[in-house]
Every structure is written in structure tokens, then in C-alpha cells.
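So you can see what is in the structure, the chains are spelled out below.
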Amino acid sequence: EISKKNTLSFLVVIFCLTTHVQFINGNDLVTTAITADQILDHHATTQSPVVKNFNGKVLAYITPWNTKGYEISLKYSVKFDYLSPCWYTVDQTLSITGQHDENLPWLTQLRALSNTPKIVPRISLNFDPKSMKTLFTMNTRINTLVAEMITLCKMKNYDGIVLDTGHLTASIHTMRSEYFSFMGYLSREMRKNNLLVGAVVSPWISRESSNGFNYEDYEKLQPLFDIFSVMTYDFSRSAGPNAPIGWQKNVVLNLISPEKRSEYAANLLLGIPFYGYDWSTTPDAIVGHTYIEHLQLYKPEFTWNSEEHEHFYKYKKDEIEHTVYYPTLKVCM
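Note that the structure is a prediction, hence the values are computed from the model and not measured.

Cut-offs and rules
- Position numbers for residues start from 1 in each chain and track the written sequence from start to end.
- The predicted nature of this model means local features are confined to residues of pLDDT at least 70 and side-chain atom pairs, given and counted, to a pLDDT of 80 or more, with totals for whole chains, interfaces and linings taken over all residues.
- Excluding hydrogens and water, the side-chain values take into account all heavy atoms of the structure.
- Helix and strand labels come from DSSP, where a helix needs a run of H or I of at least four residues and a strand needs a run of E of at least two; each type is numbered from the N terminus.
- Categorising residues by exposure relies on relative accessible area from a 1.4 Å probe, with only protein chains included: less than 20% of the type maximum marks a residue as buried, more than 50% marks it as exposed, and the intermediate range marks it as partly exposed.
- By the criterion applied in these results, polar contacts are pairs of N or O atoms within 3.5 Å in which, for protein atoms, one can donate a hydrogen and the other can accept it, and in which residues neighboring in sequence qualify only through two side-chain atoms.
- Here, two residues are considered to be in contact whenever any of their heavy atoms come within 4.5 Å of each other.
- A pair of strands is considered paired only if DSSP assigns at least 2 bridges between the two.
- A fitted line through C-alpha atoms serves as each axis, taken over the contacting stretch for helices, and the angle formed by two N-to-C directions is quoted from 0 to 180°.
- In plain words, nonpolar cores are sets of buried Ala, Val, Leu, Ile, Met, Phe, Trp, Tyr and Cys residues tied together by side-chain atoms within 4.5 Å.

Trainee: Can you walk me through the side chain of Thr323 in this structure?
Mentor: Along the polypeptide, Thr323 turns up in strand β16 (residues 320-325). On the basis of relative accessible area, Thr323 is assigned to the buried category, the value being 10%. Within the local environment of Thr323, its side chain forms a polar contact with the side chain of Lys314, the two groups lying 2.9 Å apart. Excluding residues that lie within four positions of it along the chain, Thr323 makes contacts with Tyr277, Asp278, Trp279, Phe312, Tyr313 and Lys314.

Trainee: Explain the sheet that holds strand β15 (residues 310-317) to me, please; I cannot follow it from the model alone.
Mentor: Strand pairing in a sheet is mediated by backbone hydrogen bonds. Such pairs are either parallel or antiparallel. One open sheet accounts for five strands, arranged β13-β12-β16-β15-β14; its pairing is antiparallel. If you trace the sheet from one side to the other, it starts and ends with β13 (283-286) and β14 (302-305), each paired once. This sheet shows a mean twist of 25° between the axes of neighbouring strands, independent of strand direction. One ladder, built from four bridges, connects strand β12 (residues 276-279) with β13; its direction is antiparallel. Within β13, the position partnered with Tyr277 by the bridge is Ala285. Relative to the sheet, helix α12 (residues 288-298) contacts β12, β13, β14, β15 and β16, its axis offset from that of β15 by approximately 60°.

Trainee: What should I look at first to understand the nonpolar core in this one?
Mentor: Inside soluble globular proteins, nonpolar side chains tend to come together where they are buried. By size, the foremost hydrophobic cluster in this structure holds 62 residues, and its most contacted members are Val90, Ile123, Leu125, Met149, Ile161, Leu163 and Leu186. For this core, the leading source of residues is helix α6 (residues 139-156), giving seven residues. Ignoring sequence-local partners within four residues, the contact set of Met149 consists of Val90, Ile96, Ile123, Leu125, Ile161, Leu163 and Leu186. Ile286, Leu295, Val324 and Tyr326 belong to the second largest nonpolar core, which has 13 residues in total.

What follows is the structure, encoded as C-alpha cells:
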């Protein structure tokens, strides 16, 4: 097990409003028997003054499709060590695209704060594994790509980047040597320029399988990167939990060997999803305002899935039954 001494850092995928721990406990809000009325009464209540209650590292992704994140990151900036706006993608031409999503007024406001978190935008490599393996062997093109990342950081005054190769690490067995060569070069060049560098990795479950990103891979990258974001969410492919606790624990325990746990745990940021899924004929991702609308309109009863450690509720619309998994305070705490 992971001891309290070696508690993992946390990655906040989507924002939610955080309430004071004493206030929460005093109002019986951290419970398996939560009601829609309790959530509606208290969901907008926040701590004042705003302080960070967690000693580990916290990174938050700011997504263009949930613009509430910009507002929340400014209001609760003291709670975050890193902010990672999801603006950029590397396309098949090895160009960094996404500049149209940049929110320059937000950056200006953020930098005017006295406690600005590190700004480390996510850059996603939008390639299939076969194309990426070929790319990794083309030194000139790789050098150009890394140089462009560094130029972006300097031009925009970023503190570094988070490189998203999560979909590739699931197929790392097809290109391990090429992958590590590229990641090593990226790390060296970023650090030469005094820039932070983080990496997104896919969850890995089975020690019997050599296909996915495993603890040996993690230990090779550990000295090269400042933070690692592991995608412990989007678990279910049919109506079910988004981030079951047993699965999350297995992902972490399989990524860090027991003898290295105290040394490596602090830089592994565990994905905590503050969004949910509405399952009917097709799954729809939902964020806070839709969740609150559901509770106001349908007043559903919550069911606690004790095995997966998540709440869900059901409602009917146009004679179609929906099942919604959305994190409550019991899930988060």
C-alpha cells in the first residue's frame, strides 16, 4: 500500500469548487448517503480565505471546451503548482498548431497575481504509433520540433511544457528504444534552457504484459522529467465508473516498484477527474453546470457503488433512461 508519508501528488483534470474541510465535515457532506438537496445547497460554497490544504504537487489542465477553468484558476491560483492550458498539438507536418485557442488576457491576469503557478502548456503529439516510430528515427526533424517547442516557451514566457504522448505509451512495446531516445533529447534540450518538462503516460495494469508503459519505463524517465501525469480516468466503455479506486491504486502500484516508491511517488501526478459521464444510448461527458441542472430538474437519488468508490444516479428523458457517474465529495476525499 501507499503510506501517508509517500502520498502521491494530484492532477486536477477539470476544476470543481473546493470547500473548507471543517465546513464539509460539519455538514455531513462527505457521505455515501448524499442527497441532491445537500449538493444544491452547498455546491457553490468555498473557503475564505483561499489556501492550499494539500502538501503535494497539484497540476490543473485548462481545457478550451470548459472555459470555466480560466475563471477558477485565477480565483484559486494558490491551490495549484502548475497550470497546463490544452492549446497545442503537433500535427503530421511537425508544426505546433493551436495558437487560435490561446487566451492571452487570461495569461496577463494570471501573471499579475502575487502567487502565479508555473505555466506549462500541454503539447499533444497527434500521431499514430507507426508514424511516431518513423518520426523518432528522423533526427533532423526531431531537432526542429524540439527547437520549436523551446521557441514557443520563450516567446510566450512559459515555464516549460507537458508533453502528451499518453496514447503512444500504451503501444510503447513497438518503439521503446526510439521513444526513450526522443524523450531523453527533449529533456536535455529543455533543461539546457532552464525549462520544466513533464510527460503524460498511459495507465498500465498487468506486470504480466510487456505491451504498456511499465515501472521499468517509468524509472528510466524519472530522472529526465520534472512531473508525470498518469491518465487514471475514462475507465469505463459502458455505463460505469470513470475512475474506480481499485484501478487507480493498481495503476500507481504497477508504475512504481516497491523499492522506489518513497523516491518516485512525489513526481507522479494521479489523474482525478472532476467531470462525469451521462450514459444512455451514447456516453456524453458532462461538467458542473450540467450536473447541477440535472439535480435541479430531476432531483435524482444517489446510489453508492462501494466496490468502485463512486456515486451514480439515474433519470429519464424522453422515455430513455440515463445513468450518470459524477464525482461527489466522498469520491474526492
